[in-house]
Amino acid sequence: MSAAAHNVPARSPVVDPHFPAGGGVKIGPISGGQTSCRQKAAARKVELSDISLSYRTQTGDRLLALDNINLQVRTGEFVCMVGPSGCGKSTLLHLIAGLHSPTAGQVLIDGQPVQGPGTDRILIFQEHGLFPWLTVGQNVEFGMKMKRIPKAERTEKVQHYLRLVHLAKFEKSYIHQLSGGMRQRVAIARALATEPDVLLMDEPFAALDAQTRDLLHDELERIWSDMGRTIIFVTHNVREAVRLGDRVVLLTFRPGRVKSEFAVDLPRPRSLEDPEVALAARGSLDELREEINRSLEAEYKEGVKPRIKPEADEEYAK
Amino acid sequence: MKRAARYVIFYAGLFGLWTLLAELKLWPPYLFPTPWGVAQSVYGGFADHSYWIAIRVSMERVLLGYGISVVLGMILGLGVASNKFLEETMGGLLVSLQSLPSICWWPLALLWFGLNQNAILFVVIMGSLLSVTLAMEDGRKQMPKIFSQAGRNLGAKGFKLFWYVLLPASLPFIVSGLKQGWAFAWRSLITAEMLYLSLGLGQILMMGRDLNDMSAVLAVMFLIVAIGYLVDGIAFKSIERHLQNKWGLTAAT
């Protein structure tokens, strides 16, 4: 990545003038000078325009999950979306993937509205979603097979992408024989093998232990740098978002709105342990704390089994 | 070893009791034959090829009928599971129809198809179709949502989604239903064959009765049990073991 970004402040609030943040939070001036040339030149890849989603709950009420979300992601950009559990960030990824349609608004890819699922946008799930009845190699091959890519080319690409995630030796293994980290690497290889323009990652590393997660952060950053894919990465961990993203988007809790956005102009490769990463995360976390508390309150009040433990703040700060 | 020993003791005891009762001649031999007499009947049946023919005819019928049931049942089950209207209406009907013994379809089959193979086939299909349908419906519901999402996300839709994702993903959940469907198909076949004399194992069973030959009757009953056990113990066991190896399941589903 560009080494010119070395001396810029760790955290520089940026907001798109066309799409003010929904939460009415104080946002700093637009810092155009801090946007690199690469980003400026790049075209809009993904555009969320006035996205709202509501659905009927079991009691018959309508619940507004996403409220008027506007977001633009440039080609090759790594955007991290952060919010408490239940803010609808996973749902947003499903909308971009075309697995659901929004109640109002549009998802645009290269200016074209999304009509349904497409292999130009591949979603990586937290529970990896690999097929247990197929071998590792067959899993990676699956998307290409659906696209009717010839067998010889598929075999070659399977090996290429398995080498990329350091799993070439496990081509013939079944999923249950792999560790959690290895499974997530297979999921990444399977997603990359269809050669999507956009990778959608839904808390992919949330269930992994810290060491494995660090390792996968490094691998993901390397793959992203090498291949220049657009990545939209959803997490509830602010520090993870700052460590990985070019830009961090904070979402509010129910209904999900864009609260604020920050560009992260730290040099790459980064590490979760970098003091700059911790510092930038600190600031974002303060903004997010209010939302986390609201989500906790709602969960206790509604008697829903809380998915976040009371000491959640620690988890978010990690 | 211990398990084998238990088997040997149990079956030796059963065999001994049978021999004892037969040798005591409490009942005439044509009503209560010795194990030796039954064994001779089995040997005779295979030697004059009548058993081979009967087994072949019966297996052909049951495989055809069961095969049709599996294909139809999967389509039906998937339809019921994925359509709310069908689920609410047909779902209940299917469950209540399952309480109907398959042989109740026999009179209807006779009037529709006449006294022939097709009537037997119809009874076999009706016997196993509901089990397969209900199993598929249940399997589709139990199957984690993430598989169909991942499949659609990777570009599978329509028939491809069914064939490459939904079917293999639901297999561990439907294999016991498929097994039950097989058992029902097999029973329906034998019953139908007993009512309509057209080769097959059911017919030679009834022939034993007509000839007042209890050894032959017991021999065919033994044969029917043995075939049922072989299919269950070999075909379905190996499918289950195969699934367990792939999915990493520890217990049979």
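Since the model is a prediction, treat every value here as computed from it, not as a measurement.

What about the overall build of chain A?
In step 1: Summing up its helical and strand segments, chain A has 9 helices and 11 strands in all.
In step 2: Accessible surface for chain A amounts to roughly 14000 Å². Of this, 51% is attributable to carbon and sulfur atoms.

Quick look at the interface of chain B and chain A
In step 1: Between chain B and chain A, the contact holds 19 residues from the first and 27 residues from the second.
In step 2: Counting each side, the surface lost to burial between chain B and chain A is near 2100 Å², with a carbon and sulfur contribution of 67%.
In step 3: Joining chain B to chain A, the criterion identifies 0 salt bridges.
In step 4: Summed over the shared surface of chain B and chain A, the result is 7 residue pairs in polar contact (both at pLDDT 80 or more).
In step 5: For the side of chain B that touches chain A, the secondary structure elements donating two or more residues are α7 (145–153), α8 (158–195) and α10 (214–247) of chain B.
In step 6: With 7 residues, α7(B) is the single largest residue contributor to the side of chain B that touches chain A.
In step 7: Split by residue class, the side of chain B that touches chain A holds 10 nonpolar, 6 polar and 3 charged.

Quick look at the pairing of strand β3 (residues 62–74) of chain A
Residues and elements named next belong to chain A.
In step 1: For strand β2 (residues 44–56) and β3, the ladder comprises 9 bridges, and the chain directions are antiparallel. Across the sheet, Leu-53 pairs through a bridge with Leu-66, a residue of β3.
In step 2: What sits between β2 and β3 in their antiparallel hairpin is a turn of 5 residues, with Gly-60 showing a positive phi close to 100 degrees.

Some points on the packing of aromatic side chains
In step 1: With the rule as written, the count across this model stands at 23 aromatic pairs over all chains.
In step 2: A centroid spacing of 5.0 Å and a plane angle of 80 degrees characterise the contact between B:Phe10 and B:Tyr11, whose relative ring orientation is edge-to-face.
In step 3: For the ring pair B:Phe15 and B:Trp18, a centre distance of 6.5 Å and an interplane angle of 80 degrees mean the geometry is edge-to-face. In this pair, B:Phe15 and B:Trp18 are both assigned in helix α1 (residues 2–24), 3 residues apart and thus about one turn of the helix distant.
In step 4: Residue B:Trp18 is classed as partly exposed on the basis of its relative accessible area of 28%.
In step 5: Three or more aromatic residues joined by ring pairs make a cluster, and in this case those are A:Phe131, A:Trp133, A:Phe142, B:Phe147 and B:Trp247.
In step 6: Sitting over the face of the ring of A:Phe131, A:Arg190 holds its NZ or CZ atom 4.9 Å from the ring centroid.

Side note on unusual backbone geometry
In step 1: Here the phi dihedral of A:Asn68 falls at roughly 50 degrees; this positive angle occurs in a residue that is not glycine.
In step 2: You will see that B:Lys25, though not glycine, has its phi angle at about 55 degrees, which is positive.
In step 3: With respect to the element layout, B:Lys25 can be found in the loop between α1 and α2 (35–47).

So, the packing of helix α5 (residues 180–193) of chain A against helix α6 (residues 210–227) of chain A
All names here are of chain A.
In step 1: Direction vectors running N to C along α5 and α6 enclose 15 degrees, while the axes themselves pass 10 Å from each other. One element, α5, and the other, α6, form an angle in the roughly parallel class. Note that α5 runs across α6; the crossing there is right-handed. Here Gly-181, Gln-184, Arg-185, Ile-188 and Leu-192 of α5 come into contact with α6, specifically with Thr-212, Leu-216, Glu-219, Ile-223 and Met-227.
In step 2: Its residues placed into classes, the contact of α5 with α6 shows 5 nonpolar, 3 polar and 2 charged.

Quick look at a nonpolar patch on the surface
Residues and elements named next belong to chain B.
In step 1: A contiguous nonpolar patch, built from Leu-17, Leu-20, Leu-24, Leu-26, Trp-27, Tyr-30 and Leu-31 and spanning about 740 Å² of accessible area, is present on the exposed surface.
In step 2: Locating Leu-24 in the fold gives a position in helix α1.
In step 3: A relative accessible area of 52% means that Leu-24 is categorised as exposed.

Some thoughts on helix α4 (residues 151–164) of chain A
All names here are of chain A.
In step 1: End to end, α4 covers 20 Å across 14 residues, agreeing with the expected 20 Å (1.5 Å per residue, within 8%).
In step 2: Of the residues making up α4, those classed as buried are Arg-154, Lys-157, Val-158, Tyr-161, Leu-162 and Leu-164. Taken down its axis, α4 places every buried residue within 145 degrees of arc, on the same side. Seen from the buried face of α4, the exposed residues on the opposite side, beyond 90 degrees, are Ala-152, Glu-156 and Arg-163.

With respect to the sheet that holds β2(A)
Residues and elements named next belong to chain A.
In step 1: The 4 strands are arranged β3-β2-β5-β6 in an open sheet whose pairing can be described as antiparallel. At either end of the open sheet lies a strand with only one pairing partner, and these are β3 and β6 (112–113).
In step 2: Packed on one face of the sheet, helix α2 (residues 89–97) meets β2, β3 and β5 (104–109) and runs near 120 degrees to β2.

Overview of the side chain of A:Glu261
In step 1: Mapped onto the fold, A:Glu261 is located in strand β11 (residues 258–264).
In step 2: Within polar-contact distance, the side chain of A:Glu261 engages the side chain of A:Arg247 at 2.7 Å.

Thoughts on the confidence of the model for chain A
Residue and element names in this part refer to chain A.
In step 1: Overall, the predicted model of chain A reaches an average pLDDT of 75, with 79% of residues at or above 70.
In step 2: A low-confidence stretch, residues 1–41 stays under pLDDT 50, and its non-local contacts, those more than four residues away or across chains, total 61 contacts.
In step 3: For the stretch residues 305–318, pLDDT sits under 50, and the model shows 33 contacts to residues farther than four places along the chain or on other chains.

Brief notes about α6(A)
In step 1: Compared with the 26 Å implied by 1.5 Å per residue over 18 residues, the 26 Å span of α6(A) between its first and last C-alpha is a close match.
In step 2: All of the buried residues along α6(A) are A:Arg213, A:Leu216, A:His217, A:Glu219, A:Leu220, A:Glu221, A:Ile223 and A:Trp224.

Overview of the nonpolar core
The tendency in soluble globular proteins is for nonpolar side chains to be buried side by side.
In step 1: Membership of the largest hydrophobic core comes to 141 residues, with the highest contact counts inside it found for A:Met81 and B:Leu201.
In step 2: For this core, the element with the most residues is α8(B), which contributes 15 residues.
In step 3: Those residues in contact with A:Met81 that sit more than four places away from it in its chain are A:Leu71, A:Lys89, A:Leu92, A:Leu93, A:Ile232, A:Phe233, A:Val234, A:Thr235, A:Val249 and A:Leu251.

Rules used throughout
Residues numbered from 1 in each chain as written. Chains lettered and ligands numbered in written order. Predicted model: local features only at pLDDT ≥ 70, side-chain atom pairs only at ≥ 80, totals over all residues. Heavy atoms only, no water. Helix = DSSP H or I, 4+ residues; strand = E, 2+ residues; numbered from the N terminus. Areas by Shrake-Rupley, 256 points an atom, 1.4 Å probe, with all protein chains shown as cover. Contact = heavy atoms within 4.5 Å. Buried area = accessible area lost by both parts, 1.4 Å probe. Salt bridge = Lys/Arg side-chain N within 4 Å of Asp/Glu carboxyl O. Polar contact = N/O pair within 3.5 Å; in protein donor to acceptor, adjacent residues only side chain to side chain. Nonpolar A, V, L, I, M, F, W, Y, C, P; charged D, E, K, R; others polar. Pairing = 2+ DSSP bridges. Phe/Tyr/Trp six-rings, centres within 6.5 Å; stacked < 30°, edge-to-face > 60°. Buried < 20%, exposed > 50% of the residue type's maximum accessible area, 1.4 Å probe, protein only. Lys NZ or Arg CZ within 6 Å of the ring centre and 35° of its normal. Axes fitted to C-alpha atoms, helices over the stretch in contact; angles between N-to-C directions. Parallel < 35°, antiparallel > 145°, perpendicular 65-115°, else oblique. Left-handed = near helix turned anticlockwise from the far one by under 90°. Patch = residues over 30% accessible without salt bridge, like charges linked within 9 Å, V, L, I, M, F, W, Y side chains within 5 Å. Expected span 1.5 Å × (residues − 1). Arc of directions from axis to C-beta. pLDDT = per-residue confidence, 0-100. Core = buried A, V, L, I, M, F, W, Y, C linked by side-chain atoms within 4.5 Å.

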